[in-house]
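# Observations on chain architecture
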Amino acid sequence: MTDMAANGDSCDKPLRRTGAKDKQNGKFTDSTIRERRQRDKEERLSLVLWRRPLTTLHYFFLELFIKLKEWTLKLWQRRGVVFLVLLLCSLFSVTYSIQGAHQKYVQYLEKRFLWCAYWVGLGILSSVGLGTGLHTFLLYLGPHIASVTLAAYECSSTDFPEPPYPDQIVCPLLGGEEGSVSLFSIMSKVRLEACMWGAGTAIGELPPYFMARAARQSGADPEDEDYEEFEEMLEQAQSAQDFVTRAKLGVQHMVQKVGFFGILACASIPNPLFDLAGITCGHFLVPFWTFFGATLIGKAIVKMHIQKLFVIITFSKHIVEQMVSLIGSIPRVGASLQKPFSHYLEAQRNKLHHAEGRTQSDDNWLSWLFEKLVLVMVVYFVISILHSTAQAHAKRRQQRRRSEEKTK
């Protein structure tokens, strides 16, 4: 019996050592996978024009060709829907080209459709960004609302043309009385483009939702950085101390526990962490219309009215005059800074009142700087699309290489 017990003990010890060794091997394997993923990520991020220009362009065109091939195949699989869309476009083209009394309605619908599509597209670009995010509110919608606000106060009316506007807004011949313009009338004037932009930002939040939902349903372990960050955040939820992680956890808990109204609350305020809400809703299989409905209401109605009201109040006549006077009161440099702003506002007033010809104030450095800023942002956005596409192709190659190694 004693020998059997001794033998039993001697048998248990190697088993325990083997289990510990397996555990260590598991940790070693996990750390190896994590290190490899980090190296692959660093390799992908190195694909930029100023570091590896030829490889970046090569991968960009390869990925572009693959995407075109995939889209062509998907269109062929849905050729019935494609044929129906082409038929409707042909009917509209015939209706558009035939002269008649219906032309004024066709032209009206065409202008409205293009105007709405323009702002929806800008909203999608601002939300999706394809790797960076083009802040189209600051570059397009905000200045548009500001120009309409300045015009409304200067003309004492909002009876200038309905959108889409011509190249410049011109005051009507019969202006209103001084002080007859209200905040609500200006908000009503820019409501269409603001809501379309907000709807575009809501549509742009769908890719993270669909990515996380597909990954959860398929049971796969996606290698998307945002999803990996979300998984790590769920694992480290109890030990999180920094403010950013706690803020992300707050968004995740609100969306998970409150549901529709939690998504609505997160979408209704300017929230840079809302991408996490989309990943959370997809991960926990929140119904599509619950997520998209709350996001659409929050972004296109609630948040859009808050942002619109802020811009209108900021660029109201008396606020602008106070801002210009405050700029002039800055010691030493106030007068030199106040002059271009005053010239710019005076030039805008002249344009609104049918002033002809170009004055010297039309060419001040403020408008020149804004034009160059917009140009730089657009160029940066295009370059970021090129980089993200090339990095996507590098990720595709890395995944293919790993799958080939597993099959060997």
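All of these numbers come straight from a predicted model, not from anything done at the bench.

Calculation rules
- Residues numbered from 1 in each chain as written.
- Predicted model: local features only at pLDDT ≥ 70, side-chain atom pairs only at ≥ 80, totals over all residues.
- Heavy atoms only, no water.
- Helix = DSSP H or I, 4+ residues; strand = E, 2+ residues; numbered from the N terminus.
- Buried < 20%, exposed > 50% of the residue type's maximum accessible area, 1.4 Å probe, protein only.
- Contact = heavy atoms within 4.5 Å.
- Areas by Shrake-Rupley, 256 points an atom, 1.4 Å probe, with all protein chains shown as cover.
- Phe/Tyr/Trp six-rings, centres within 6.5 Å; stacked < 30°, edge-to-face > 60°.
- Axes fitted to C-alpha atoms, helices over the stretch in contact; angles between N-to-C directions.
- Nonpolar A, V, L, I, M, F, W, Y, C, P; charged D, E, K, R; others polar.
- Salt bridge = Lys/Arg side-chain N within 4 Å of Asp/Glu carboxyl O.
- Expected span 1.5 Å × (residues − 1).
- Polar contact = N/O pair within 3.5 Å; in protein donor to acceptor, adjacent residues only side chain to side chain.
- pLDDT = per-residue confidence, 0-100.
- Core = buried A, V, L, I, M, F, W, Y, C linked by side-chain atoms within 4.5 Å.

This paragraph deals with the overall build of the protein. When helices and strands are tallied, the protein shows 16 helices and zero strands. Burial status across the protein gives 33% buried among its 408 residues. Long-range contacts, defined as pairs at least 24 residues apart, comprise 71% of the intrachain contacts of the protein with a sequence gap of at least 6. By element, 64% of the accessible surface of the protein is carried by carbon and sulfur atoms, the whole surface being about 26,000 Å².

Another point: the packing of aromatic side chains. Inspection of every chain in the model, using the stated rule, returns 14 aromatic pairs. Both rings, one in Phe 137 and one in Trp 197, keep their centres 5.5 Å apart while their planes meet at 55°; by these two values the pair is tilted. Of this pair, Phe 137 sits in helix 5 (residues 136-155) while Trp 197 is found in helix 7 (residues 191-203), placing the two residues 60 residues apart along the sequence. A relative accessible area of 14% means that Phe 137 is categorised as buried.

So, about the packing of helix 4 (residues 103-128) against helix 5. Contact geometry for helix 4 and helix 5: axes closest at 9 Å, N-to-C directions at 145°. Note on element contacts: helix 5 touches helix 4 through Thr 136, Tyr 140, Leu 141 and His 144, opposite Trp 115, Tyr 118, Trp 119, Leu 122, Gly 123 and Ser 126. Here the residues of the contact of helix 4 with helix 5 are counted per class, giving six nonpolar, four polar and no charged.

This next bit is on the pattern of salt bridges. Summed over all chains, the structure comprises four salt bridges. Residue Arg 401 is joined to Asp 40 by a salt bridge in which the shortest nitrogen-to-oxygen separation is 4.0 Å. One end of the pair, Arg 401, is in helix 16 (residues 365-407); the other, Asp 40, is in helix 1 (residues 2-45), with 361 residues separating them in the sequence. You can call Asp 40 buried: its relative accessible area is 7%.

Taking 1.5 Å per residue, 25 residues should reach 36 Å; helix 2 (residues 53-77) reaches 36 Å between its end C-alpha atoms and fits that length. All buried positions along helix 2 are accounted for by Thr 56, Tyr 59, Phe 60 and Glu 63.

A few words now on the side chain of His 393. Position of His 393 relative to the elements: it lies in helix 16. A polar side-chain atom of His 393 sits 3.1 Å from a polar atom in the side chain of Glu 63. When neighbours within four sequence positions are excluded, His 393 is seen to be in contact with Tyr 59, Leu 62, Glu 63 and Ile 66.

Right, let's talk about the side chain of Gln 307 for a bit. Here Gln 307 is to be found in helix 13 (residues 288-314). Under the relative-accessibility criterion, Gln 307 is labelled buried at 15%. Those residues within four positions of Gln 307 in sequence are excluded, and the remaining contacts are Phe 137 and Trp 197.

Now for the environment of Lys 339. Mapped onto the elements of the fold, Lys 339 is located in helix 15 (residues 334-352). C-alpha of Lys 339 to C-alpha of Val 324: the two residues are 15 residues apart in sequence and 9.0 Å apart in space.

Let's shift gears to the confidence of the model for the protein. On average, the protein scores 75 in pLDDT, and the residues at 70 or more come to 72%. Here residues 1-23 is a poorly scored stretch, pLDDT under 50, and it has zero contacts once near neighbours within four places are set aside; other chains count. Contacts for the low-pLDDT stretch residues 355-363, under 50 throughout, to residues beyond four places or in other chains number eight contacts.

This paragraph deals with the environment of Glu 63. Examined against the element boundaries, Glu 63 turns out to sit in helix 2. We classify Glu 63 as buried; its relative accessible area is 2%. Residues Glu 63 and Arg 396, 333 residues apart in the sequence, show an inter-C-alpha distance of 9.0 Å. Excluding its chain neighbours within four sequence positions, the residues that come into contact with Glu 63 are Thr 389, Ala 392, His 393 and Arg 396.

All right, on to the nonpolar core then. Ranked by size, the top nonpolar core spans 21 residues in total, and within it Trp 119, Phe 137, Leu 141, Ile 145, Ile 186, Trp 197 and Met 304 carry the most contacts. Every element with two or more residues in this core is listed here: helix 4, helix 5, helix 6 (183-189), helix 7 and helix 13. In terms of residue count, helix 5 provides more of this core than any other element does, eight residues in total. In contact with Leu 141, not counting residues within four places along its chain, are Trp 119, Thr 136, Glu 193, Ala 194, Trp 197 and Met 304. Among the nonpolar cores identified, the runner-up in size contains 15 residues, and Ala 202, Leu 206, Leu 264 and Phe 274 belong to it.

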